[in-house]
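Fold and geometry: a report
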Amino acid sequence: QQLYITCWMILLTDLFICRLPPSSCLQNYIPPESLTLSCPVCRQTSILPEKGVCALQNNFFITNLMEVLQREPECSRPEACSVLESVSAAAAGKPLCCPNHEGKVMEFYCESCETAMCLDCTEGEHREHVTVPLRDVVEQHKAALKTQLDAIHSRLPQLTVAIELVSEISRQLNERKNEAVAEIISTFEELERALHQRKTALITDLENICSTKQKVLQAQLSSLLQGKEHIQSSCNFTEQALSHGSATEVLLVQKQMSERVTALARHDFPEKPHQNAHLDCQVETEGLRRSIQNLGVLITTAAVAHTSVATGEGLRHAATGQHHTITVTTKDKDGELVRTGNAVLKAEITSVDGNRAAETEIMDNKNGTYEVGYTLRHEGEYSFALLLYGQPIRGSPFRLRAVKPSDVPQSPDDVKRRVKSPSGTGGHIRQKAVRRPSSMYSTTKKKENPIEDELIYRVGSRGREKGEFTNLQGISASSNGRVVVADSNNQCIQVFSNDGQFKMRFGVRGRSPGQLQRPTGVTVDMNGDIVVADYDNRWVSIFSSDGKFKNKIGAGRLMGPKGVAVDKNGHIITVDNKACCVFIFQSNGKLVTKFGGRGTSDRQFAGPHFVAVNNKNEIIVTDFHNHSVKVYSADGEFLFKFGSHGEGNGQFNAPTGVAVDANGNIIVADWGNSRIQVFDSTGSFLSYINTSADPLYGPQGLALTSDGHVAVADSGNHCFKVYRYLQ
């Protein structure tokens, strides 16, 4: 009650100060054209009536308090006194006057309008409503409010802890920002000093080189000038003697002058330059500029712990003396995969007494996933904690149990397989599928029997009778609880209930419309019609729910249709295995678009098999020989792909069937590895479906039944199986 009164006290004070009617004040507060109202105090958002603020119902309690507020107070602080007096009167249970009938006390309560009123109101606009004395409902409402108050109070400690945690993270973020700014300033100041030092060194070296060259040139210049002076003086003297000297004087100096002139004529003067003027400065700045532009990297991620997940056999079970790895997939607050690395992840394995039991190593895959490895030396129970930025990821800490290697059932990863094409004559090697680890989202207990799996039932064996199959391919499930199977080599479609009871069979072998030659894919559209991809007839046939032929589409376009699905628009998505492309048809057969081609690029396929459509209307195709799953928009634009060739988590050896659950998780039949893998909506590996007790043998089509189980066409065993699936 105090919280309620305080909230309204704040709001009423604001209303009093603004001196406007509540509706006018709200009209000034709400942005133009707004369809919602956000409370100025508690921020709760409400939808406005079609006519806006003026159509809001009056709250008589508040309007009465406003009347009290508008009286002239007799104190130094009128606003505060009025509000406090009004609220105190309401809290003390003093009678309040009806705003519609002056002098009338509100002593009745209208249950339809949930408001208090006076006697005149009960006889006026509320005369057809159920009204009761106010005192009769006060205690009831007080008790209800007290219950709500207790419930909301219990959240305060949690919010306090959350506020402290977020505030601490905010403080650390600012602290690290300041540290990074200081480091940037320090680094660039150091670089500036280095640049200045280099500038000084270059200038000094330039001066030295120039000085050395100048010394050589000046010495040569001095020698040349001296030689020139000697020649000029000798020439002048000789010319003077010849012009003005007597015969006796000329004869007296002739010998001396002749020797000097001869010596000067023979002297080797340094007439060729002893140095050059080459002196340039080359500074390669382009590469440096590019380096400066890319200098420094800001490292961060949007990863948070509460949405990030860990998967792998080693999360809950380990064999002593053997190295185990698990995969941590980081996600942001919205559960979207973070595709960059460098997150701060810590792993710690402790024994029951709290001591560290094993060293862990973490490998950053630089794509948002991390491999955590460890080796346990002793049997026992351990706690496996995974902390992202100091906070436990979803499900952490995990209970980890280590046993002797001899006590661990054999894994299919220990069995090497050689795979041939499903259309070839070679057989598969039967093997156990990898056990699906206990789901961190599941509340069920781990099964004690190591070979017990999640199989609910299996239907069929090799044959041509009802409930028997020969090389079944596609499988689908309808919303009305039916499982539909394409019995390929028996040229028919068989229909069963969700619990495996045979319902009907239809189909006649042949190449005419309405006949089946090699049915491979099957799906059920939103009208309950059964859509069948016929590989050898090269078209798609549409039958009613009771098996009557209605239409065929794709004739003349399709070369070898394999998988088929229906999107939210009723379009029929057909995978052409032979043409290596995907066709999208309207239900009447008109082509909407097609995409793909033979190859290994993102928009190409190598023997595509089956197709599914998720809740975003995106198209998911299994690319058999490229060992991957590719996801496209409803228009055929490539979005992403996942998977590679191999036997590890998230790898494929020729994927076939595909289905999508209500959460967008993608379930894939791994034909060559004879297993079923589960991925999230971004293609990150989550787990396996446990099929170890009755191993699969070349699984083909895959579907989710209306009751949430996984149905798979076990082609090599000529049956279909239904497994529990924990979403």
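Heads up: these notes are all about the structure in this document. (Residues numbered from 1 in each chain as written. Predicted model: local features only at pLDDT ≥ 70, side-chain atom pairs only at ≥ 80, totals over all residues. Heavy atoms only, no water.)

1. Topic: the pattern of salt bridges
Between side chains of opposite charge, pairing is possible as soon as their charged atoms come close. With the rule as written, the count across this model stands at 19 salt bridges. The partner of Glu381 in a salt bridge is Arg401, and the shortest N-O contact between them spans 3.8 Å. Pair noted here: Glu381 is in strand S13 (residues 380-388) and Arg401 is in strand S15 (residues 398-403), with a separation of 20 residues, a long-range link. Of the residues examined, Glu381 reaches a relative accessible area of 36% and is grouped as partly exposed. By relative accessible area, which is 47% here, Arg401 ends up partly exposed. For the salt bridge of Asp529 with Lys550, the shortest nitrogen-to-oxygen distance reads 2.8 Å. Here the residue Asp529 occupies a position in the loop between strand S21 (519-524) and strand S22 (530-534), and Lys550 occupies one in strand S24 (residues 549-553), the gap between them amounting to 21 residues. Here Asp529 falls in the buried class, since its relative accessible area comes to 10%. (Salt bridge = Lys/Arg side-chain N within 4 Å of Asp/Glu carboxyl O. Helix = DSSP H or I, 4+ residues; strand = E, 2+ residues; numbered from the N terminus. Buried < 20%, exposed > 50% of the residue type's maximum accessible area, 1.4 Å probe, protein only.)

2. Overview of the environment of Lys568
The topology assignment puts Lys568 in the loop between strand S25 (561-566) and strand S26 (572-576). Using a relative accessible area of 52% as the deciding quantity, one classes Lys568 as exposed. Measuring from C-alpha to C-alpha, the distance between Lys568 and Asn615 comes to 8.3 Å, with 47 residues separating the pair along the chain. If we skip the residues at most four places from it in the chain, Lys568 touches Met526, Asn614, Asn615, Lys616 and Asn617. Side-chain polar atoms of Lys568 contact the backbone oxygen of Asn615, separated by 2.2 Å. (Contact = heavy atoms within 4.5 Å. Polar contact = N/O pair within 3.5 Å; in protein donor to acceptor, adjacent residues only side chain to side chain.)

3. Some words on unusual backbone geometry
Here the bond from Ser396 into Pro397 is cis, since omega is 0°, no more than 30 degrees from zero. One can find Pro397 in the loop between strand S14 (391-392) and S15. Although it is not a glycine, Asn342 sits at a positive phi angle of roughly 75°. Examined against the element boundaries, Asn342 turns out to sit in the loop between strand S8 (323-331) and strand S9 (345-351). Accessibility expressed as a relative area gives 37% for Asn342, which makes it partly exposed. One non-glycine residue, Arg538, lies in positive phi territory at about 60°. With respect to the helices, strands and loops of the structure, Arg538 is situated in the loop between S22 and strand S23 (539-543). Here Arg538 falls in the partly exposed class, since its relative accessible area comes to 42%.

4. Observations regarding the sheet that holds strand S20 (residues 502-506)
Note on sheets: strands pair through backbone hydrogen bonds, and any given pair is parallel or antiparallel. With respect to topology, four strands assemble into an open sheet ordered S17-S18-S19-S20, the strand pairing being antiparallel. With partners counted over all chains shown, the strands left at the sheet margins are strand S17 (472-477) and S20, one partner each. The average angle at which neighbouring strand axes cross in this sheet is 20°, direction not considered. Relative to strand S18 (residues 482-487), S17 is paired through four bridges, and the arrangement is antiparallel. Looking at the pairing, Ile475 lines up with Val485 of S18. (Pairing = 2+ DSSP bridges. Axes fitted to C-alpha atoms, helices over the stretch in contact; angles between N-to-C directions.)

5. Brief notes about a positive patch on the surface
Residues Arg462, Arg464, Arg509, Arg511, Arg538 and Lys578 make up a contiguous surface patch of positive charge. Mapping Arg509 onto the fold places it in the loop between S20 and S21. (Patch = residues over 30% accessible without salt bridge, like charges linked within 9 Å, V, L, I, M, F, W, Y side chains within 5 Å. Areas by Shrake-Rupley, 256 points an atom, 1.4 Å probe, with all protein chains shown as cover. Lys, Arg positive; Asp, Glu negative; His and termini not counted. Charge placed at Lys NZ, Arg CZ, Asp CG, Glu CD.)

6. Things to note about the sheet that holds strand S12 (residues 369-375)
Judged by pairing direction, the sheet is antiparallel, and its four strands sit side by side in the order S6-S8-S12-S11 without closing on themselves. The open sheet is flanked by strand S6 (304-311) and strand S11 (360-364), the only strands paired with a single partner. For this sheet the average axis-to-axis angle between neighbouring strands, irrespective of direction, equals 25°. Relative to S12, S11 is paired through five bridges, and the arrangement is antiparallel. Across the sheet, the residue bridging to Ile362 is Val372, located in S12.

7. Remarks on the nonpolar core
Judged by nonpolar contacts, the single largest core of 25 residues is most densely connected at Val328, Leu376, Phe384 and Leu386. Taken together, the elements giving at least two residues each to this core come down to S6, S8, S9, S12, S13 and S15. Per element, the largest residue contribution to this core is four residues, and it comes from S13. Those residues within four positions of Leu386 in sequence are excluded, and the remaining contacts are Ala310, Leu315, Ile326, Val328, Lys346, Ala347, Val372, Gln391, Pro392, Ile393, Ser396 and Phe398. (Core = buried A, V, L, I, M, F, W, Y, C linked by side-chain atoms within 4.5 Å.)

8. Structural notes on the pairing of S18
Most of S18 sits inside the fold, with six of its six residues counted as buried. The alternating pattern of S18 places Arg482, Val484 and Ala486 and Val483, Val485 and Asp487 on opposite faces, both of which are buried. The hairpin formed by S17 and S18 contains four residues between the paired strands, and Gly481 there has a positive phi angle of roughly 85°. Across six bridges, S18 lies against strand S19 (residues 492-497) in antiparallel orientation. In the sheet register, Val485 faces S19, and the bridge partner there is Gln494. Where S18 folds back onto S19 in an antiparallel hairpin, the turn is made up of four residues, including Gln491, whose phi is positive at roughly 50°.

9. A short note on the packing of aromatic side chains
Summed over the entire model, instances satisfying the criterion amount to 19 aromatic pairs. Residues Phe595 and Tyr632 carry aromatic rings whose centres are separated by 4.8 Å and whose planes lie at 45° to one another, so their mutual orientation is tilted. A residue pair is termed long-range when its members are at least 10 positions apart, and Phe595 in strand S28 (residues 591-596) and Tyr632 in strand S31 (residues 628-632) qualify at 37 residues. Judged on exposure class, the residue Phe595 and its partner Tyr632 are both buried. Considering the side-chain rings of Tyr632 and Phe638, the 5.7 Å spacing of their centres and the 70° angle between planes classify their relative orientation as edge-to-face. Through pairs of rings, three or more aromatic residues link up here, namely Phe640, Phe642, Phe652, Phe679, Phe685 and Tyr688. If you follow Lys552 out to its NZ or CZ, it ends over the ring of Trp539, 4.7 Å from the centre. (Phe/Tyr/Trp six-rings, centres within 6.5 Å; stacked < 30°, edge-to-face > 60°. Lys NZ or Arg CZ within 6 Å of the ring centre and 35° of its normal.)

10. Remarks on the side chain of Asp534
Structurally, Asp534 is set in strand S22. For the buried Asp534, no salt bridge exists, and the shortest N-O distance to an oppositely charged side chain is 6.8 Å, to Arg511. At a separation of 2.9 Å, a polar atom in the side chain of Asp534 contacts the main-chain amide nitrogen of Arg518. The residues touching Asp534, leaving out its near neighbours within four places in the chain, are Gln515, Leu516, Gln517, Arg518, Pro519, Trp539 and Pro561.

11. Description of the pairing of S24
Direction of pairing for S23 relative to S24: antiparallel, over a ladder of four bridges. Paired with Val540 across the two strands is Ile553, which belongs to S24. In this antiparallel pair of consecutive strands, S23 and S24, the connection spans five residues, and Gly547 shows a positive phi of 90°.

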